[in-house]
Every structure is written in C-alpha cells, then in structure tokens.
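Each chain is listed here by its residues.
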Amino acid sequence: MELTLWTYEGPPHVGAMRIAASMEGVHYVLHAPQGDTYADLLFTMIERRGRRPPVTYTTFQARDLGGDTAELVKRSIQQAVDRFQPEALLVGESCTAELIQDQPGSLAAGMGLGVPVVSLELPAYSKKENWGAAETLYQLCRGLLKEQVPLPGRPKPDPTRWRAEGRRPRVNLLGPSLLGFRCRDDVKELRGLLGDHGIEVNVVAPLGAAPADLLRLPAADVNLCLYPEVAGPLCSWLERSFGTPVLRAVPIGIGATTEFLRDLHALLDLEAPASLEADQRSRLPWYSRSVDSTYLTGKRVFIFADATHAIAAARIASRELGFKVVGLGTYSRELAREVRAAAQELGLEALISDDYLAVEKAMGEAAPELVLGTQMERHSAKRLGLPCAVISAPLHVQDVPARYAPQMGWEGANVIFDTWVHPLMMGLEEHLIGMFKEDFEFVEGHRSHLAEGAPARSAPTPEPALATATLAPLDGGAKAAPVWSTDGEAALGKIPFFVRGKVRKNTETFARDQGLAAITEEVLYDAKAHYSR
Amino acid sequence: MAATPTLPPLIKESGQREVFCGLTSIVWLHRRMPDAFFLVVGSRTCAHLIQSAAGVMIFAEPRFGTAILGERDLAGLADANDELDRVVGDLLGRRPEIRTLFLVGSCPSEVIKLDLAKAAERLSQRMVGRVRVVNYSGSGIETTFTQGEDAALTALVPMLPASDAPQLLLVGTLADGVEERFLTLFERLGIGPVRSLPPRQSTELPPVGPGTRLLLAQPFLSDTVRALERRGARRIASPYPLGVEGSLAWMAAAAAAFDIDPIQLALVMDPLVERGRRALEPLRRQLEGKRLFLLPDSQLEIPLARFLHRECGMELVEVGTPYLDRQLMTEELALLPPGTQLSEGQDVERQLERVRASRPDLVVCGLGLANPLEAEGIATKWSIELVFSPIHGCDQAADLAELFARPLHRRELLQWN
Ligand code: SF4
Ligand code: SF4
C-alpha cells in the first residue's frame, strides 16, 4: 500500500487507451466499472479530441457481480464489434475487473468475431500507464504480424538493400501517441527533416496508423525509436524477429539531432550530412552564442520529466545553453538506468521517483533558477516561486498548443530555446535593470513580463498554513532557523532583487551548516565567498 | 408516492454508462471541510480519476489522497490492516491539522472485501480525542458521481449528537457564499437555529433529533435523508432551490414548517423574487424555445430541467438521470411539463443516437462527451461545472441560466467569414 496524492502516470489500461485512441480502426473493449470512463476526458479535454476514444466499457455494477459478468463482457464485445466494425479489437480489463477474473481476452477469442483480437494483460497493481502503452503497442503489432515473422536462421535484411532495390531508404517512426509531449508536431518535423535527406517514412505508429499499416512495419530499413517509453519493447521485438536495426537516438536538441542524422545516414550507408546543417537550419546555436545569452551562463536548472525528455533536456541545458544542471530525475522507472547514466555524466545523482513531494523537496534544495518539468513540477515551481517550462507529459490542456511547436529536429531546438529562455530574464533587460536600480523611479516590484510565474517579492513565499505545517516535520524541524540581524538584512537589501532570493537561501543554509544563530553582514559575505568558490 | 400521470413511461436503460463514480465528490467535499482528509483505499485508477476530475485545481498538498493497493496487499503477503495503519500514521503525522479522516472505499477495496468500517473503528479508537475516522464507499460499482456525497454524509449521521430541540438542518454541500446568504434569509424570516450537514468544520457536527426539520439543498441525498429520519428528523418536502421559483418554494416550505406568517415570507422574499426574475429576463430571451437534452450525470438533471423549462422557456427533449428517487423528486416531477421524456440509467451509444436524431440546441453532458458532440455541431454544457459553481438561490438564478446561455451565445458570436 502506497500513499499517492498526485500521480505522474495513470494505470496501465490508460496506456492501452492511448494506443487505441491514437490509431484508426482499432477498438478497445475494457471490462471496467462506470467511474473508469473518466479516462475519456483525458482525450476529449486535454487533447481536445473531437471524437470519443474508441473504447467500450462494460461498466459492471455491484449487483452484476453476483450474476454473470462474463455474459456482460461478451455482450459488450459483440455490440462493440457490430457497432464500430473495427479492423482489430483490443480486449482487456481495468484494476477492478482484474480481481474478478472473467478473462475477457479468452472470452473474446472464443466468440468467432472475424476480426483479429488482441488480449491485453496489463497488471494494474504493479504497472503504470507508459508500460501499458508500450505493452499494448507491442502486443498489437505482434498479434498482427505473427504470420509474417521469418523462420529463425533466415539472414537479416540489410539496411542498405534499398539501393539494390532501386528505391529510397525508408524508416518507421515509432512511439508518437496521444497524451505524449508534442508528438503530433514532432512527426511533422521529422517527416520534413527525413524528406530533406531523401529518406522516406514507411509507417508512423501508433499515431494515425491503422492495423493495415502495422502489417507494413517489416518493410522499413530502420526503425526509429523516438519515444522509448512507448516504442522500446516493439522496436526490440522487430529487431529480434525481423532483423530491422533500431536507431535509439532521440533527435531533441542540436547535438542529438546531429547525432541522429549522422547515425541514420551511417546505418543506411548514405553520405554523411553537411556539418553546417545545424547552423543553417536552426537558430539555437547562434542565439546561444550571441552576447545576450552570456547571461544564461551557469543558470541553475532543475530537470524532472519522462526519461526521453529528461535526458534530452539535460544535454541541451548543459551543452547547448551553458546552464548548470543542478538536479535531474524521472518518474519512468523502466528507463531509470539511462537517466542515471545521464546524471552521472553531469556529476549528479538521478532522482528516480514518482512521489511529487520528494521531487518538490529536491527542487527546493537544489535552489534552481529555472525548472524544466511536467505539469506537476510546474505546480511545485509555482509554490516555490520559480520560473518553469513544461517539457514532458503529464500534460495539461495548455501543453497542446494550437501553433506548430515540435521538440524534435531543428525547429524543435528553436522552440526549446524560446520556451526555456522565455521564463528567465533576458540579458539586455537584466543589464538595464541593474544599471537603473538605484534610480528612484525604479520600482522594486517590477518584474520582467518574461518572468511570469515568478513572485513579485524576492524571497520565495512559503505556501501559507498547509504546506508549512506539512513540510516542517520533513526536514527534521530540529535545527532552529538562523535569525537575520539588522545589518545582515541591510546588506541583503543591497543585493539586486533578482538574485536576492538565492542569496538569502544560500546564506541561511550556510549559517545553518555552520551552526550560527544570527546572520550578520559578515556572515552574508562569508556565505557569498563560500558559494562562489 | 405522488403519481405523475402526465409523464410518458420512463426509458430505463442498463448499458454502458458514461458517469464518474462517487469518489469524484471528494473534489468538493474536501473544500467544504478544510479540517478533513479523504483517503481513498483503492488503485492507481482511483487516484487518477480524482486527479483528472479535479483538473486544474492542482495546488499545494491536497487534502485527499489514495492508498494504492499493491500486489503484496492482494497476495495477502502484507496484512492490509497493518499497511493501512502505517499509511494513516504517516499521513496524520504529516498533517497534524486534520481532525476527521474519511476512509473511502473503492471498487477494488469492495471486491477484495477489505473491511474499512472495522479499520475506521480501530483507528478511531487509537486516535480518540485527536482524529475521528469515518468510513464510506465511493466505489463505482455502487455509487455514481454525486452519490459519493450521499454516502459520506450517511456515514456521518451516526456521529451526530442527539438533541430534541427544534432546528432547521440544511442537508447537502452549498458554496459558502450561498450558504451565508440563505442563513441571512432564514434569520430575516425568523427561522432558527439553522445548521448544515456537512458542516464547515468536520468537528462541529450538527445535532439531530425529533425537533429537527430537514431541508435538502441537493437532490442526491437519498440515504442521508433516510438515516436522518431514522434519528427522528422529518423532511420538509419541496422542490430544490434552483431558479427563482424553486428557491422561493424551498424557502416557503421551510417557512410553513416553522409556522412563519406568510406576510413575513412575502416581505423577505418578494424583493428577491422580483429582482431575480428581472435578472432572468434577458437570459430567458436567449434560451426561450431552445431544445434541451440532458444526459444522466450529476443527478441535478430533473430540477435543472424544471428551471430551464419553466423559467427560461426551454423545450425538454429528454431528461436523463442516473437513478430516479421518486420520493425525493415528487415535487419536481409535478412541475415538469406534460409529456416530458425521462430516462433512467444509460446506454450511452443508444442515447447518443437519440441525441443525434433529435438535433437539440443544447446538450448537458459530462466532460468525456462534450467536445465530441461539439465536433458534431451540437452545443454542450458540462454538467461538472454545476456541482462546483454557486447556483442555488434566487440571487444565483440568472447566473445559473447564464451557464446554459453562454455556449449558445458563443456560437452566435463566432464568425469565420
Ligand atoms: S470506478 Fe471504482 S476503480 Fe474506477 S475510479 Fe471509481 S472507485 Fe476507482
Ligand atoms: S514589461 Fe517590463 S520587462 Fe517587459 S519589456 Fe516592458 S519594461 Fe521590459
């Protein structure tokens, strides 16, 4: 039993819904009580979908439990097939149905429905949404492709066979799905990018694919595992069964996109792309080198997201924007190893957790100037008075923008530069404020409109009552907070307001560590010296 | 049971339902009682449902959470009771301000027959004087949406102190501002003392007994009423306080029960009624003649249909309700126009076929259905807003009508050429 207040991921059957709803011609019969129909709103409200997810719920009630719930399952399956005439049917159960063991998958298999039926077993009490999505995509493809799997021992297809076959090389884009972060736009960006290099897209799945498209998966020369959370198991299976090589580089950021193109060209035996492509096609490299961006140097950034976006963000932040990554973590336990490795490279220990309070605590302790996270971190950052940009699911409706805003490829890098730098103060602006801050016209509370989300006051305001009461015992509560002396306060007042919060926090930490009861001007400067080392 | 001979036979359906479960009511109950915590014992689905229903209200540390059952709990490796004690201990250690802990049952806890009532008793004894632990079930196999509040309040009834003294007890969560307004009006009428269930502080439970008259602020409290009646309270039969007419009838029923002079009632209410009707006028012009289809969701459908027809002139195509408690709806049903088609339960696909066939001007429905219907060209109003907004009383009648007029108005505003 585990106490959960807010969760990063839904149950695994919601992952299955994401696959079904992303596709065409697939229907999902879910043995579940009525309340579980809430999941429809994730698609119709957050994604603003204009059609209901293709899901039929049995909505069994307590009074059905004494009777024949298996009959209800069969009736629901038959009605769904008659009404929606899917090309493939997924059958599964949610947490409650798992306990009553009606085996809806076997029931469906015995009904002679005349459509491929894929029975989903998604353990609701140990697995979560992304795992469910990955498992569903894998099971569905495996179910549809099993007749095509070549006998063991047959030679693997050569990824350069396109040349002999007198056609262009072609790849599958695997993993983009509804409720994933900016998948729709990433697909468009990659189609353009690959097209520019003469590479064709064979199948995109699950987003927009029909079962008939999945039957064409083995025709690709390379599989692009774009979102490992969703496509990882499928890509591995396709590699094992059909010998299709997998490119696991995720093209988010300049370096990663360059690497992605280079590796893909190598796999396909194409001539390597021009090294200047990044500079020509994306503004991020120049914007980051331009003088205004000097002010971004060493900005402290805290990153928490799904593994795909956390790893990408850490690389962009540290190498391409000159930020200092002060925290890196993920809720994707399945990919914890990869995130740990990325953190280690930055001299950090990765935070692997699905407890948003633990993440919030780590965030507070890291004293970042920018948070890159999910909707959960956006809320935590708001409480701590920190600017934040959302980089990963779980999403809210505002994370599905009307405009084209990919994360992948060259345009993705532009979008990332704008959205991450936007919450920070721009260099020129910061410089002017510094110059004029002694002027009487200068209003202390003035904040850049860019620093939205940051509080008007300099010190992070603790959430009244609730949070203070609840968080206090967590950090032991034993050490009394050091008190600011008058000259200490005065010295603090001379520090520009936009760094004052950080200085206050650092000084207090320093004083506490040193066991000091009062913070004088001297202590402040000692602390300053300590932290600038 | 009052007969409603003017209504055609009820459509009763038992297919796929598209309704939240009773856990959803935690979203407003926890705000009503800031010293209470709602701990669902359930699955990740339950946690995800509440989070999704709460939507953008994600702020600070919420006063509700889910003790998620794991494989160890199901396999019996971990004694569920020990685990629950541990979780509750941790939680209350972190939240010393909590005075009442609701242990809320879910489908999984019901199916594995976890005895939360006994657990509540045990925990209550252990924490006597500090925290009261109350159990109810909000499971989707037993409750729909607003029925969760009914179950929560029913669980509180045995804890209410006994008193024979005359009093008026308002039953059902009202927005704080609306409640205050009602209290002022009752005072002007000379009715008192007036108390509320749920109270604003979970520790200040109202007394109940033979002197208690019940006035229902919400129509979905069947079990609560029965439990209160067993403790001697008597219900004041009345329409619900939605719209000017309903609110006036509601106040009048209370006044009659307390032998208030009708002149006094008129003195207090006439100006409000007059003002409320005036405020409704422009909205009536927008809604008049428009055809309304209500899908079953919040259990407020019947009183809303009555208001929107009688005071706003809308035509009722179909009025769906998750379940029909004829006793609590007698006065409302009597006010529906002859020929109103009621439906109970749901078979969502067939009901949507009826929606498409009848081409209504406005459909009241849940969040899962709203955008898909809009995409088909049918205007919608989300029902969940009705349980979160202050809609009760004469003063709110125009606001309530505006909720339905807005989607129609918006369609008129938008132009693409
Ligand atoms: S319907 Fe049951 S399992 Fe689903 S969220 Fe509600 S209580 Fe939990
Ligand atoms: S609003 Fe303030 S910060 Fe933004 S551009 Fe104008 S002066 Fe600069």
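All values derive from a computational prediction rather than experimental measurement.

Enquirer: Just give me the short version of unusual backbone geometry, but keep the residues and values in it.
Expert: All names here are of chain B. With omega at -10 degrees, the peptide bond leading from Gly 192 into Pro 193 counts as cis. Within the element layout of this structure, Pro 193 appears in the loop between helix H8 (176-189) and strand E7 (194-197). Following Leu 197, the chain continues to Pro 198 via a peptide bond in cis, the omega torsion being 0 degrees. Among the secondary structure elements, Pro 198 is positioned in the loop between E7 and strand E8 (212-216). Of note in the backbone geometry, Asp 259 takes a positive phi value of approximately 55 degrees without being a glycine.

Enquirer: Which residues make up the site of ligand 1, and what are the values?
Expert: In the neighbourhood of ligand 1, 14 residues make up the surrounding shell, with Gly 35 and Asp 36 of chain A together with Cys 21, Cys 46 and Cys 107 of chain B lying closest. In this structure ligand 1 sits where residues from chains A and B come together. Of all the secondary structure elements, the ones that give two or more residues to the shell around ligand 1 are helix H5 (95-100) of chain A together with helix H2 (44-54) and helix H5 (107-111) of chain B.

Enquirer: Go over the side chain of Asp 221 of chain A with me, naming the residues and quoting the values.
Expert: Residue and element names in this part refer to chain A. Mapped onto the elements of the fold, Asp 221 is located in the loop between helix H10 (211-214) and strand E8 (222-225). Note on Asp 221: relative accessible area 1%, which makes it buried. A polar contact of 3.0 Å, which involves the side chain of Asp 221, links it to the side chain of Arg 167. Look past the residues within four positions of Asp 221 in its chain and what remains in contact with it is Pro 159, Arg 161, Trp 162, Arg 167, Arg 168, Pro 169, Arg 170, Thr 244, Pro 245 and Leu 268.

Enquirer: Describe the interface of chain B and chain A, and please don't skip the residues or the numbers.
Expert: As a measure of interface size, the accessible area lost when the parts come together is often cited. Listed by partner, the interface residues are 66 residues for chain B and 59 residues for chain A. Our enumeration of links across chain B and chain A arrives at two salt bridges. Arg 52 of chain A is paired through a salt bridge with Glu 349 of chain B; the nearest N and O atoms lie 3.1 Å apart. For the pair chain B and chain A, the number of links is 19 residue pairs in polar contact (both at pLDDT 80 or more). Broken down by secondary-structure element, the contributors of at least two residues to the side of chain B that touches chain A are strand E2 (36-42), H2, strand E3 (64-68), helix H3 (71-74), helix H4 (80-94), H5, helix H14 (348-358) and helix H15 (367-375) of chain B. In terms of residue count, the dominant contributor to the side of chain B that touches chain A is H2 of chain B (eight residues). For the side of chain B that touches chain A, the per-class residue count stands at 35 nonpolar, 16 polar and 15 charged.

Enquirer: How would you explain the pattern of salt bridges if you had to name every residue and give the values?
Expert: Inspection of every chain in the model, using the stated rule, returns 47 salt bridges over all chains. The partner of Glu 365 of chain A in a salt bridge is Lys 361 of chain A, with the nearest N and O atoms 3.6 Å apart. Of the two residues, Glu 365 of chain A and Lys 361 of chain A are both situated in helix H17 (residues 356-366); the distance of four residues between them amounts to about one turn of the helix. With a shortest N-O distance of 2.9 Å, Glu 83 of chain B and Arg 86 of chain B are connected by a salt bridge. Of this pair, Glu 83 of chain B and Arg 86 of chain B both sit in helix H4, three residues apart, which is roughly one turn of the helix.

Enquirer: How would you sum up the sheet that holds strand E3 (residues 55-57) of chain A? Please name residues and give values.
Expert: All names here are of chain A. Spatial ordering of the open sheet is given by E3-E2-E4-E5, a layout of four strands whose pairing is parallel. The sheet terminates laterally at E3 and strand E5 (117-119), the two strands that pair on one side only. For this sheet, the mean inter-axis angle between neighbouring strands, taken without regard to orientation, is 20 degrees. Bridge analysis of strand E2 (residues 26-31) against E3 gives three bridges, and the strand direction is parallel. When the bridges of E3 are listed, Leu 30 appears paired with Tyr 57. Across the face of the sheet, helix H1 (residues 12-22) comes into contact with E2, E3 and strand E4 (88-93) while running at roughly 160 degrees to E2.

Enquirer: Mind laying out the pairing of E7 of chain B, listing which residues take part and the relevant values?
Expert: All names here are of chain B. Judged from the four bridges that link them, strand E6 (residues 167-171) and E7 form a sheet pairing that is parallel. When the bridges of E7 are listed, Leu 170 appears paired with Ser 196. On the question of chirality, the crossover connecting E6 to the parallel E7 by way of H8 is right-handed.

Enquirer: Give me the environment of Ser 126 of chain A: which residues, what numbers.
Expert: Residues and elements named next belong to chain A. With respect to the secondary-structure elements, Ser 126 resides in the loop between E5 and helix H7 (129-145). Looking at Ser 126, the relative accessible area reads 36%, which means it is partly exposed. Sequence separation between Ser 126 and Tyr 28 is 98 residues; the distance between their C-alpha atoms is 21 Å.

Enquirer: Before we move on, can you summarise the packing of aromatic side chains with the specific residues and values?
Expert: Tallied over the entire structure, the rule returns 14 aromatic pairs over all chains. Each ring, one from Tyr 8 of chain A and one from Tyr 331 of chain A, has its centre 4.8 Å from the other, and the planes form 15 degrees; the classification is stacked. Taken together, the positions of Tyr 8 of chain A in the loop between strand E1 (2-4) and H1 and Tyr 331 of chain A in the loop between strand E11 (324-330) and helix H16 (336-345) put the pair 323 residues apart, joining distant regions of the chain. By the burial criterion, Tyr 8 of chain A is buried, and Tyr 331 of chain A matches it. Here Trp 28 of chain B and Phe 145 of chain B contribute two aromatic rings whose centre-to-centre distance is 5.9 Å and whose plane-to-plane angle is 75 degrees, an arrangement assigned as edge-to-face. Here the residue Trp 28 of chain B occupies a position in helix H1 (residues 26-32), and Phe 145 of chain B occupies one in the loop between strand E5 (132-137) and helix H7 (147-156), the gap between them amounting to 117 residues. With respect to class, Trp 28 of chain B is no different from Phe 145 of chain B; both count as buried. Following the ring pairs from residue to residue traces out a cluster consisting of Phe 20, Trp 28, Phe 145 and Phe 388 of chain B. Positioned above the aromatic ring of Trp 382 of chain B is the side chain of Lys 381 of chain B, whose terminal nitrogen or guanidinium carbon lies 5.6 Å from the ring centre.

Enquirer: Pulling in residues and values, what's your account of the sheet that holds strand E10 (residues 291-294) of chain B?
Expert: Residues and elements named next belong to chain B. Ordered in space as E1-E12-E11-E10-E13-E14, the six strands form an open sheet in which the pairing is parallel. The sheet terminates laterally at strand E1 (11-14) and strand E14 (380-382), the two strands that pair on one side only. For this sheet, the mean inter-axis angle between neighbouring strands, taken without regard to orientation, is 15 degrees. As paired elements, E10 and strand E13 (residues 362-365) share three bridges and run parallel to each other. By the bridge assignment, Leu 294 is partnered in E13 with Val 364. Sheet strands in contact with helix H17 (residues 397-413) are E13 and E14, and its direction is about 125 degrees off that of E13.

Enquirer: If you had to explain the environment of Arg 44 of chain B to someone new, which residues and values would you point to?
Expert: All names here are of chain B. Along the polypeptide, Arg 44 turns up in helix H2. Judged by its relative accessible area of 8%, Arg 44 is buried. A C-alpha to C-alpha distance of 38 Å links Arg 44 and Arg 410, two positions 366 residues apart in sequence.

Enquirer: For the packing of H7 of chain B against helix H9 (residues 222-230) of chain B, give the residues involved together with the corresponding values.
Expert: Residue and element names in this part refer to chain B. Relative to each other, H7 and H9 sit at 20 degrees, their axes nearing to 7 Å. In this view, H7 runs roughly parallel relative to H9, as classed from their interaxial angle. The two elements H7 and H9 meet at a crossing, and its hand is left-handed. Contact residues: H7 offers Asp 150, Leu 153 and Thr 154, while H9 offers Ser 222, Asp 223, Thr 224 and Ala 227. Residues belonging to the contact of H7 with H9 are distributed by class as follows: two nonpolar, three polar and two charged.

Rules used in this analysis
Residues numbered from 1 in each chain as written. Chains lettered and ligands numbered in written order. Predicted model: local features only at pLDDT ≥ 70, side-chain atom pairs only at ≥ 80, totals over all residues. Heavy atoms only, no water. Helix = DSSP H or I, 4+ residues; strand = E, 2+ residues; numbered from the N terminus. Near = heavy atom within 4 Å. Buried < 20%, exposed > 50% of the residue type's maximum accessible area, 1.4 Å probe, protein only. Polar contact = N/O pair within 3.5 Å; in protein donor to acceptor, adjacent residues only side chain to side chain. Contact = heavy atoms within 4.5 Å. Salt bridge = Lys/Arg side-chain N within 4 Å of Asp/Glu carboxyl O. Nonpolar A, V, L, I, M, F, W, Y, C, P; charged D, E, K, R; others polar. Pairing = 2+ DSSP bridges. Axes fitted to C-alpha atoms, helices over the stretch in contact; angles between N-to-C directions. Right-handed = clockwise from strand over helix to strand, strands pointing away. Phe/Tyr/Trp six-rings, centres within 6.5 Å; stacked < 30°, edge-to-face > 60°. Lys NZ or Arg CZ within 6 Å of the ring centre and 35° of its normal. Parallel < 35°, antiparallel > 145°, perpendicular 65-115°, else oblique. Left-handed = near helix turned anticlockwise from the far one by under 90°.

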